[in-house]
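Here's the letter readout for the chains.
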Amino acid sequence: MLLLDAALAQSIVDRAMRILHTNVNVMDERGLIIASGERARIGTRHEGALLVLAQGRAVEIDAALARRLHDARPGINLPLRAAGRVVGVVGLSGAPEGIREHAELVRMAAETMLEQAQLMQVLARDERLREELVLQLIGVAAAAPALQDWARQLQVDLGVARVAVLIEIDAAGLEADAILAEQQRLRRLLAALEPGLLCAAVSLRELAVLLPLPSGAAGTDPARLRARVEGLRARLGGGAGTDPVRLRLALGGAFGGSEGLVRSWQSARATLHAGRRRQPAAGLHCYAELTLAVLLAGLAEGWRADELQRPLQRLAAQDRDGQLRRTLAAWFAHDMKAAPSAEALHVHRNTLDYRLRRIADITGLELARLHDCLLLFIGLELGGDQQL
């Protein structure tokens, strides 16, 4: 339901009085003046408006009728209709015969403004509902019982496959209003760049984006998804030149089933944490590229983490410059193959073999055994940059 508020009413008055050389009043459903060219009259009851509201039609007040009414002036008062009902009255002061044509034009202009305001209210309401829908789909807010009906009303097809993307606004030193302005900029751009995209603010610095996927296996191909989100990040801007705002994106996994979007969002958040720790300078982190690190993150605390990192702690105690740990990381990164590992480390093959023997001696583990290699590999993953 549209409510004729004082701000909208005053904008009607101001626009009309820029053209006409007469006072204009706008009254609400109670007949109270809520906007006027004569500010002293705001808040008083307008008897001409009461007649319009009672009769549902325009009322002209000449000098004779004005004398019979309380605090009335000659003029024309017309009903303002929106959504099929009278929501207020607009009145022009002056001799009726001299302002009759102008009065009808003012009424038409005012009702056009009311229609625009009503449309903006509907759009704002739908935007709020869509945002709440996103929060429910990703599990941040409790799901409503009639979620399917709600989505249908908002013309959101829940059958479309989607993947979660977390956008983090890294704006150190900026005030909250500046960060909020950046958030609004991003949301406008996202709506323009990706039709069908769903978006919601999770916090002041975080946006949840549900990206629709094309049908078929190509839609979930990790390389294509990465390229798509990387392109989106480039078009969103942020962090260019002297811009103090830097955007960091995390692409979650594409999961099916009723809880797919919840899991996709959770994986995007975990990917952001893992990616920030391992590649702090990167602007995009992908679950498909950090799957193991994300899944192992649940073991990063407690006695299990202590046990998993114990061999690396023994190694660190005798590897003050981190050379052996970097060697181990490079060896794992190249699938435990000697030639590419030595090339990546810029050392001779014999040097690599010597370092690997040293690692085995210090940790007490055999690098020829898969079980022991897994212990070292998981320890490195849990320790991240702290181990290197």
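All figures in this text were calculated on a predicted structure; none of them were measured in a lab. (Residues numbered from 1 in each chain as written. Predicted model: local features only at pLDDT ≥ 70, side-chain atom pairs only at ≥ 80, totals over all residues. Heavy atoms only, no water.)

Caption draft 1: Structural detail: the overall build of the protein chain. Scanning the protein chain from terminus to terminus reveals 14 helices and 10 strands. For the protein chain, the C-alpha radius of gyration of 33 Å lies well beyond 21 Å, the compact-globule estimate for 388 residues. Seen through its C-alpha atoms, the protein chain measures out along the principal axes to roughly 110 × 45 × 35 Å. Within the protein chain, buried positions represent 44% of all 388 residues. (Helix = DSSP H or I, 4+ residues; strand = E, 2+ residues; numbered from the N terminus. Rg over C-alpha atoms; globule rule 2.2 N^0.38 Å. Buried < 20%, exposed > 50% of the residue type's maximum accessible area, 1.4 Å probe, protein only.)

Caption draft 2: Structural context of the environment of Thr271. Counting through the fold element by element, Thr271 comes out in helix α8 (residues 260-278). Judged by its relative accessible area of 0%, Thr271 falls in the buried class. Spatially, the C-alpha atoms of Thr271 and Ala293 are 8.3 Å apart, while their sequence positions differ by 22 residues.

Caption draft 3: Quick look at the packing of aromatic side chains. Taken as a whole and judged by the stated rule, the model has three aromatic pairs. Of the aromatic side chains, those joined through ring pairs into one cluster are Trp331, Phe332 and Phe377. Taking NZ or CZ as reference, Arg263 lies 5.7 Å from the ring centre of Phe255, over its face. (Phe/Tyr/Trp six-rings, centres within 6.5 Å; stacked < 30°, edge-to-face > 60°. Lys NZ or Arg CZ within 6 Å of the ring centre and 35° of its normal.)

Caption draft 4: Region of the structure containing empty space enclosed by the protein. All told, the structure shown has two cavities of 30 Å³ or more when counted by the stated rule. Considered as a void within the structure, the largest cavity measures approximately 60 Å³ in volume. In terms of lining residues, the largest cavity is bounded by Asn25, Arg41, His46, Ile61, Arg73, Pro74, Gly75, Asn77, Gly91, Leu92 and Ser93. Mapped by element, the contributors of at least two residues to the lining of the largest cavity are β4 (75-82) and β5 (85-93). In terms of residues, the lining of the largest cavity owes the most to one element, β5, which gives three residues. Partitioned by chemical class, the residues of the lining of the largest cavity number three nonpolar, six polar and two charged. For the second largest cavity, the full set of lining residues is Arg41, Arg45, His46, Glu47, Gly48, His70, Asp71, Ala72 and Arg73. Its residues assigned to classes, the lining of the second largest cavity shows one nonpolar, three polar and five charged. (1 Å grid on protein atoms, 1.4 Å probe; cavity = no way out; pocket = protein on both sides within 12 Å on 5 of 7 lines; lining within 4 Å. Points joined across faces, edges and corners; volume = space filled by probe spheres on them. Nonpolar A, V, L, I, M, F, W, Y, C, P; charged D, E, K, R; others polar.)

Caption draft 5: Looking closely at the nonpolar core. Residues Leu4, Val26, Leu80, Val90, Leu92 and Leu114 are the most contacted members of the largest nonpolar core, which totals 25 residues. Of all elements in the fold, only α1 (6-17), β1 (24-27), β2 (33-36), β4, β5 and α4 (96-137) reach the threshold of two or more residues within this core. Examining the composition of this core, we find that seven residues originate from one element, α4, more than from any other. Formed by 24 residues, the second largest nonpolar core is a distinct cluster that contains Leu190, Leu213, Leu251 and Cys286. (Core = buried A, V, L, I, M, F, W, Y, C linked by side-chain atoms within 4.5 Å.)

Caption draft 6: Structural context of the sheet that holds β1. With antiparallel pairing, the five strands of this open sheet are ordered in space as β2-β1-β5-β4-β3. Sheet topology places β2 and β3 (59-61) at the edges, where each strand pairs with a single neighbour. Averaged over all neighbouring strand pairs, the angle between strand axes comes to 25°, with direction disregarded. As paired elements, β1 and β2 share three bridges and run antiparallel to each other. Paired with Val26 across the strands is Ala35, a residue of β2. Packed onto the sheet, α1 meets β1 and β2 and runs at close to 35° relative to β2. (Pairing = 2+ DSSP bridges. Axes fitted to C-alpha atoms, helices over the stretch in contact; angles between N-to-C directions. Contact = heavy atoms within 4.5 Å.)

Caption draft 7: Representation of the packing of helix α10 (residues 303-317) against helix α13 (residues 349-363) within the structure. It is the contact of α10 with α13, at a shortest axis distance of 9 Å, that shows an interaxial angle of 115°. What the angle tells us is that α10 and α13 run roughly perpendicular. The element α10 and its partner α13 pack so that their crossing is right-handed. Here Pro311, Arg314 and Leu315 of α10 lie close against α13, whose contacting residues are Ile359, Ile362 and Thr363. Here the residues of the contact of α10 with α13 sort into four nonpolar, one polar and one charged. (Parallel < 35°, antiparallel > 145°, perpendicular 65-115°, else oblique. Left-handed = near helix turned anticlockwise from the far one by under 90°.)

Caption draft 8: Structural view of the sheet that holds strand β10 (residues 284-286). Ordered by their spatial adjacency, five strands build an open sheet running β7-β8-β6-β9-β10, and the pairing between neighbours is mixed. Two strands bound the open sheet, and with one partner strand each, they are β7 (198-203) and β10. Ignoring strand direction, the axes of neighbouring strands in this sheet form an average angle of 20°. Packed onto the sheet, α8 meets β6 (162-170), β7, β8 (206-212), β9 (246-251) and β10 and runs at close to 40° relative to β6.

Caption draft 9: Focus on the confidence of the model for the protein chain. Chain-level pLDDT for the protein chain is 88 on average; 95% of the residues reach the 70-or-more range. No element of the protein chain has a lower mean pLDDT than helix α5 (residues 147-153), at 77, and none a higher one than β1, at 96. (pLDDT = per-residue confidence, 0-100.)

Caption draft 10: Molecular detail of α10. With 15 residues, α10 extends 20 Å between its outermost C-alpha atoms, agreeing within 8% with the 21 Å of an ideal straight helix rising 1.5 Å per residue. At Arg310, α10 is bent by approximately 45°, the largest bend along its length, and proline Pro311 sits one to four residues beyond. For α10, the set of buried residues is Ala305, Leu308, Gln309, Pro311, Leu312 and Leu315. Against the buried residues of α10 lie α11 (323-333), α13 and α14 (370-383). (Expected span 1.5 Å × (residues − 1). Bend = angle between axes of the 7 residues up to and from the residue.)

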